[in-house]
Amino acid sequence: MLEKMNKIGRNSPCPCGSGKKFKRCCGSLAQTRSGIKGGDTATGLAASAQGKQLDSLERASRSGDSRATARLGLRYLMGRDATADPARGVALIEQAALAGDAQGAYLAATIASSSFFGAQNWDKAFDYLMRAAQKGHEPSQCSLRILAGGPSGTKIEGEDWANMRGEIDLAAWLAPPEMRMIREAPRIHVIEKFAPPAACDWLIAQAEDRLSRATIYDKATGDTTEDGRRTNSQCDLDIETCGVLTFVLRGRIASMTQRQDLAMEIPKILHYAPGETFAEHFDYLDPAEPAYATELALRGQRTETFLIYLNDDFSGGETKFPRIGLSHLGAKGDSLLFRNVDAAGAPDDDTLHAGLPPTSGEKWVFSQWIREFPKE
């Protein structure tokens, strides 16, 4: 698997799980000092500075600085200011974790809980998460408490991180919760208390300082772009920010939908301030649009949408399906699952929906799109 990771083509799916081509995702962040146009002075200076910073991290890592080793590993893992080398990135992050770096242990836990960089290994993930918690890493401590408390949301006190690690009941987390169908065609299900309140709060905390303007697919290019029809903000939960807890929740989604984690796109946290909206739209990719042809061939149709309502202290903000006369708003921790295709697998136009604006308060939602094909 590590040998395979060294051979990521520019047109290959990005290993971070975004569903985009590598060249349009993490690969677009990779800048080296080669290939700089003589006339582009600003770009040249920036690339030079980035190269010097990378060299500095390399030197610090070789001298035994575990924090530098973790930061260096993340750069190689995601292609940030360095040529992407996921195999080396994983090795450096695990090296930092074993040397006692808390952030390195947190990242190593996330990598082990995913399927992007090797076989998913929950025991290894929970062990690394415990290491990070023992080193005082607050996001790890919070998520370890949540995981130990189980999907029912039992509150766990104290700082016995080893005991909490032992209390994690993975089978309970991955057991499919009860679903209630509220519409047969298009198929829409409601899942009450899918995520405990503390998990909702944790997800919001991961995103609230990382928000940017939300985008839509550009039919002309197949890329994403800002558009007046969507005015809310979002945060992609990439491998740096999502944490083990997100992958456990994705495992819970997988148990319900019978779809592999690798079929899921990068999860997003959506934020709506009062008045912000996502106008009527479809989540499926229109096969009639040439710009989507490569994407559909690589990963297939976006067959399902899964939402977790992360808070309920706001007014308005319903998810509205105008063609079927349905509006829905879940309580904190509730989920909504709907299929974007019909029984024959064709795009279902009755799934037209909108994220209505809150009239007061802020709305937070976890959004997970699921594709037809597992990610290779």
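Below you will find a few notes about this structure. (Residues numbered from 1 in each chain as written. Predicted model: local features only at pLDDT ≥ 70, side-chain atom pairs only at ≥ 80, totals over all residues. Heavy atoms only, no water.)

Digging into the sheet that holds strand β14 (residues 353-355)
Reasoning step 1: Within the open sheet, the four strands sit side by side as β8-β14-β11-β12. Their pairing is antiparallel. Edge positions in the sheet fall to β8 (278-281) and β12 (326-328), since each has one partner strand and no second. The sheet shows a mean angle of 15° between the axes of neighbouring strands, taken without regard to direction.
Reasoning step 2: Pairing between strand β11 (residues 319-321) and β14: two bridges, direction antiparallel. Opposite T319, over in β14, you have G355 as the bridge partner. (Pairing = 2+ DSSP bridges. Helix = DSSP H or I, 4+ residues; strand = E, 2+ residues; numbered from the N terminus. Axes fitted to C-alpha atoms, helices over the stretch in contact; angles between N-to-C directions.)

With respect to the nonpolar core
Reasoning step 1: Of all hydrophobic cores here, the largest spans 64 residues; its most connected members are L77, L147, F194, V244 and L310.
Reasoning step 2: Those residues in contact with F194 that sit more than four places away from it in its chain are P177, L249, R252, I253, M256, F306, I308, G333, D334 and S335. (Core = buried A, V, L, I, M, F, W, Y, C linked by side-chain atoms within 4.5 Å. Buried < 20%, exposed > 50% of the residue type's maximum accessible area, 1.4 Å probe, protein only. Contact = heavy atoms within 4.5 Å.)

Describing the side chain of H328
Reasoning step 1: Looking at where H328 falls in the secondary structure, it is placed in strand β12.
Reasoning step 2: Leave out the neighbours within four places in its chain, and H328 touches I182, V190, Y309, E318, T319 and L336.

What about the packing of aromatic side chains?
Reasoning step 1: Counting across every chain of the model gives seven aromatic pairs.
Reasoning step 2: On the numbers, 5.9 Å between centres and 70° between planes, the contact of F116 with F247 is edge-to-face. A residue pair is termed long-range when its members are at least 10 positions apart, and F116 in the loop between α5 (102-113) and α6 (122-134) and F247 in helix α11 (residues 243-257) qualify at 131 residues. Take F116 and F247: they sit in the same class, and that class is buried.
Reasoning step 3: Three or more aromatic residues joined by ring pairs make a cluster, and in this case those are F116, F117 and F247.
Reasoning step 4: Here K363 stacks its cationic end above the ring of Y272, 5.1 Å away from the centre of that ring. (Phe/Tyr/Trp six-rings, centres within 6.5 Å; stacked < 30°, edge-to-face > 60°. Lys NZ or Arg CZ within 6 Å of the ring centre and 35° of its normal.)

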